[in-house]
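Each chain, written out:
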Amino acid sequence: MISILPVFGDSLSFHTAVEYFIEHNYDLQIAHQEANKSKADLTTAKRRPNPILSGSYDYWDVKHHFNDVSSVASALATVHIDHPIELGGKRDRRIETANALILYSNYVMDETKREQLFTLIDAYYQVQADKADLTNAIANRHDFEDLLAIAQAKYNHGFLSEIELEKLQLQIIDYDKEVKFYNAALSANTEILAFLLSMKAKDIILPSIVPPDIFSKPVDELILYAQQNRSDCLAAQQNIKVSNASVELEKANAIPDITVGIETENYAPTYGGPLVGVSATIPLPIYDRNQGAIQKSRITALQASIEQSKALEQTASEVRQSFIQYQSQQSIYTSMQNGFESAKKLKEKQEKIFALKGISVLELLDAQKSYREYQKNMTHSIIDLHIATQHLKLHSGLSLINTKAN
């Protein structure tokens with residue numbers, strides 16, 4: 001997959017961030033290389049035993065320097081080559097096990113990717129929340145400055161007491177505090193996101209938040225899909241195949257290999273007319289028949305079966321939990337919508353009354369505070385709904401890239 005770094009000044013959508021994360025994240029690159037190591041095991045599995053070449057020269061008469069002339073000289077030159085031959089299909093079993101391990105390693109890498117994406121989701125939407133909070137804080141401060149200008153005019157014309165004006169003026173400290181706090185939070189959390197994406201923080205510009213599409217898939221359908229497609233479930237299923245292949249490999253290892261040899265011998269003084277011989281050796285499996293390794297591999301296969309059952313149950317539980325969390329966040333978002341609209345109308349109404357007639361400063365500040373709280377809650381309810389939606393997709397084994405809600 002080819003990822004293109006977002007052009008400076010363009011907003012980084014969530015889908016683009018996911019693609020870039022998968023391509024460039026350091027941890028995922030390490031996981032990818034770890035999976036590639038399993039391919040080396042296949043190379044090793046295909047190897048055949050090397051032949052063994054040996055030679056010797058016995059009874060060297062140093063004084064004659066190989067020039068023995070006696071017919072009874074006992075100098076002997078020998079060349080011997082042995083070739084081990086594997087029996088029981090060991091090589092085929094090794095290749096089968098290595099191929100199963102390669103597929104298993106790829107599923108494990110996919111599961112690492114899925115787990116790391118949870119971190120990306122939280123980091124991405126945290127930055128988006130900080131950006132929205134900062135934007136709102138700046139806008140609120142600007143609106144309050146306009147309100148202070150009205151209050152100053154009313155004070156100048158005797159329609160507002162000095163104490164009430166000072167109460168209003170003191171509130172600017174809170175607005176400044178909010179702007180500074182969210183500005184610092186945005187900078188810090190952007191650095192976290194930049195590290196995850198292997199980008200520069202200055203290149204990260206996120207779009208404004210909008211409510212997510214409604215995710216309407218039924219929970220039972222999501223559970224079934226997750227159990228059939230989620231990477232940890234596939235890895236657990238593949239691990240059974242790896243374990244079964246390992247059992248067959250250990251059974252094959254119990255069959256002894258045969259070694260066939262051929263040699264030639266030449267005697268002094270003429271070293272002519274070489275003698276040729278053949279040999280064959282095979283261990284007798286009387287005591288060690290690889291029983292321990294076979295038993296251990298069978299237990300490992302049993303463990304793999306239990307781990308698969310656990311993975312399927314855990315997947316179903318996680319999908320149900322995330323589905324409940326998604327429905328809860330959807331309900332909270334709807335409630336926050338209604339509350340925010342009411343608080344906004346009340347704030348605007350109080351400000352008009354304050355500007356045109358007269359109203360208690362405490363009532364005005366109360367309306368302002370209520371609006372800001374609902375504004376923040378509204379913003380975070382959208383963010384939380386986004387996070388809940390993406391978590392539900394991940395728990396369900398769905399892709400985060402261009403996944404439709406229904």
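Before reading further, recall that the structure is shown in the block above.
In this report, we go over the structure that sits alongside the text.

Scoring rules and cut-offs
- Residues numbered from 1 in each chain as written.
- Predicted model: local features only at pLDDT ≥ 70, side-chain atom pairs only at ≥ 80, totals over all residues.
- Heavy atoms only, no water.
- Helix = DSSP H or I, 4+ residues; strand = E, 2+ residues; numbered from the N terminus.
- Phe/Tyr/Trp six-rings, centres within 6.5 Å; stacked < 30°, edge-to-face > 60°.
- Buried < 20%, exposed > 50% of the residue type's maximum accessible area, 1.4 Å probe, protein only.
- Salt bridge = Lys/Arg side-chain N within 4 Å of Asp/Glu carboxyl O.

## Here we look at unusual backbone geometry
- At Ser198, a residue that is not glycine, the phi angle is positive and equals roughly 55 degrees.
- Relative to the assigned elements, Ser198 resides in the loop between helix 5 (172-197) and helix 6 (219-229).
- The phi angle at Asn290 is positive, at roughly 60 degrees, despite the residue not being glycine.
- Inspection of the secondary structure puts Asn290 in the loop between strand 4 (275-281) and helix 8 (291-356).

## Observations regarding the packing of aromatic side chains
- Per the counting criterion, the structure on display carries 7 aromatic pairs.
- Ring centres 5.3 Å apart and planes at 75 degrees place the aromatic pair Phe181 and Tyr182 in the edge-to-face group.
- Tyr182 sits in the buried class, given a relative accessible area of 9%.
- Three or more aromatic residues joined by ring pairs form one cluster here, namely Phe14, Tyr124 and Tyr125.

## Description of the pattern of salt bridges
- Under the criterion given, the structure shown has 14 salt bridges.
- Its salt-bridge partner being Arg47, residue Glu86 comes within 3.7 Å of it at the nearest N-O pair. Separated by 39 residues along the polypeptide, Glu86 in the loop between strand 2 (76-85) and helix 3 (90-156) and Arg47 in the loop between helix 2 (26-45) and strand 1 (52-58) bring together distant segments of the chain.
- The exposure class of Arg47 is partly exposed, given its relative accessible area of 43%.
- A salt bridge links Glu96 to Arg93; its shortest N-O distance comes to 3.3 Å. Here Glu96 pairs with Arg93, and both are found in helix 3, just 3 residues apart, close to one helical turn.
- On the basis of relative accessibility, which here comes to 38%, the residue Glu96 falls in the partly exposed class.
- Through salt bridges with shared partners, a single ionic network connects Glu111, Arg114, Arg230, Asp232 and Glu318.

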